[in-house]
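The chain contents come next:
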Amino acid sequence: QVQLRESGGGLVQAGGSLRLSCVASGRTFSNYAMGWFRQAPGQEREFVAAIHWSGGSISYADSVKGRFTISRDDVKDAVYLQLNSLKPEDTAIYYCAAGSPRWDTMGTVREYDYWGQGTQVTVSS
């Protein structure tokens, strides 16, 4: 089992920035790919960004490319998501996830086995 806990969400104006953190406990963190997903009210959970266990492969959703940056620290068992140039449409609950997807399925929700409880990001216009 892997336990994940997100933090760093909040209310920010459009154009602002936030940094989300996800700390893992349980099984060896470095064995897993880590992903960030988000879910807005009435919407399906969607992929935001993911980083392979080795850190050598990173993937972003087109909607966040150039604005969001994912990184991981295997010493601290943590993964981060830097959110810049935020837009109102980025408003959602952001979830951290751990799993073992292939490089070409890093954006697939069902490829992730463990999920955090989520952190709310609200961007005002």
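See above for the structure.
In what follows, the accompanying structure is described. (Residues numbered from 1 in each chain as written. Predicted model: local features only at pLDDT ≥ 70, side-chain atom pairs only at ≥ 80, totals over all residues. Heavy atoms only, no water.)

**A short note on the packing of aromatic side chains**
- Following the criterion strictly, the structure yields 5 aromatic pairs and no others.
- The interplanar angle of 90° and the centroid separation of 5.9 Å between the aromatic rings of Tyr 32 and Tyr 114 together place this pair among those described as edge-to-face. With Tyr 32 in the loop between strand E3 (18-26) and strand E4 (33-39) and Tyr 114 in strand E10 (residues 112-115), this residue pair connects regions lying 82 residues apart in the sequence. Summarising the burial analysis for this pair, Tyr 32 and Tyr 114 share the class buried.
- Cation over ring: Arg 45 sits above Tyr 95, and NZ or CZ is 3.7 Å from the ring centre.
- One Lys or Arg, Arg 45, reaches over the ring of Trp 115 and ends 4.8 Å from the middle of that ring. (Phe/Tyr/Trp six-rings, centres within 6.5 Å; stacked < 30°, edge-to-face > 60°. Helix = DSSP H or I, 4+ residues; strand = E, 2+ residues; numbered from the N terminus. Buried < 20%, exposed > 50% of the residue type's maximum accessible area, 1.4 Å probe, protein only. Lys NZ or Arg CZ within 6 Å of the ring centre and 35° of its normal.)

**Structural notes on the side chain of His 52**
- Inspection of the secondary structure assignment puts His 52 in the loop between strand E5 (46-51) and strand E6 (58-60).
- Note on His 52: relative accessible area 17%, which makes it buried.
- Setting aside its immediate chain neighbours within four residues, His 52 contacts Ala 33, Ser 57, Arg 72 and Met 106. (Contact = heavy atoms within 4.5 Å.)

**Structural notes on the state of the cysteines**
- Applying the stated criterion to the full structure yields 1 disulfide.
- In this model Cys 22 forms its disulfide with Cys 96; the gap between the sulfur atoms is 2.1 Å. With the S-S bond torsion at -75°, the cross-link from Cys 22 to Cys 96 turns out left-handed. With a gap of 74 residues between them, Cys 22 in strand E3 and Cys 96 in strand E9 (residues 92-99) connect regions that are remote in the sequence. Taken individually, Cys 22 and Cys 96 each receive the classification buried, so the pair is uniform in this respect. (Disulfide = S-S within 2.5 Å.)

**Quick word on the pairing of strand E11 (residues 119-124)**
- Burial of the side chains of E11 is restricted to one face: Thr 119, Val 121 and Val 123 are buried, whereas none of Gln 120, Thr 122 and Ser 124 on the reverse face is.
- Where strand E2 (residues 10-13) lies against E11, 4 bridges are found, and the strand directions are parallel. The residue of E11 that forms the bridge with Val 12 is Val 123.
- As paired elements, E9 and E11 share 3 bridges and run antiparallel to each other. Bridge pairing in E11 places Ala 92 opposite Val 121. (Pairing = 2+ DSSP bridges.)

**Regarding the environment of Arg 27**
- Tracing the chain through its elements places Arg 27 in the loop between E3 and E4.
- As for Arg 27 and Glu 111, which are separated by 84 residues in sequence, their C-alpha atoms are 17 Å apart.

**Things to note about unusual backbone geometry**
- For Asp 77, which is not glycine, the phi dihedral falls at a positive 55°.
- If you trace the backbone, Asp 77 turns up in the loop between strand E7 (68-73) and strand E8 (78-83).
- Since its relative accessible area comes to 27%, Asp 77 is described here as partly exposed.

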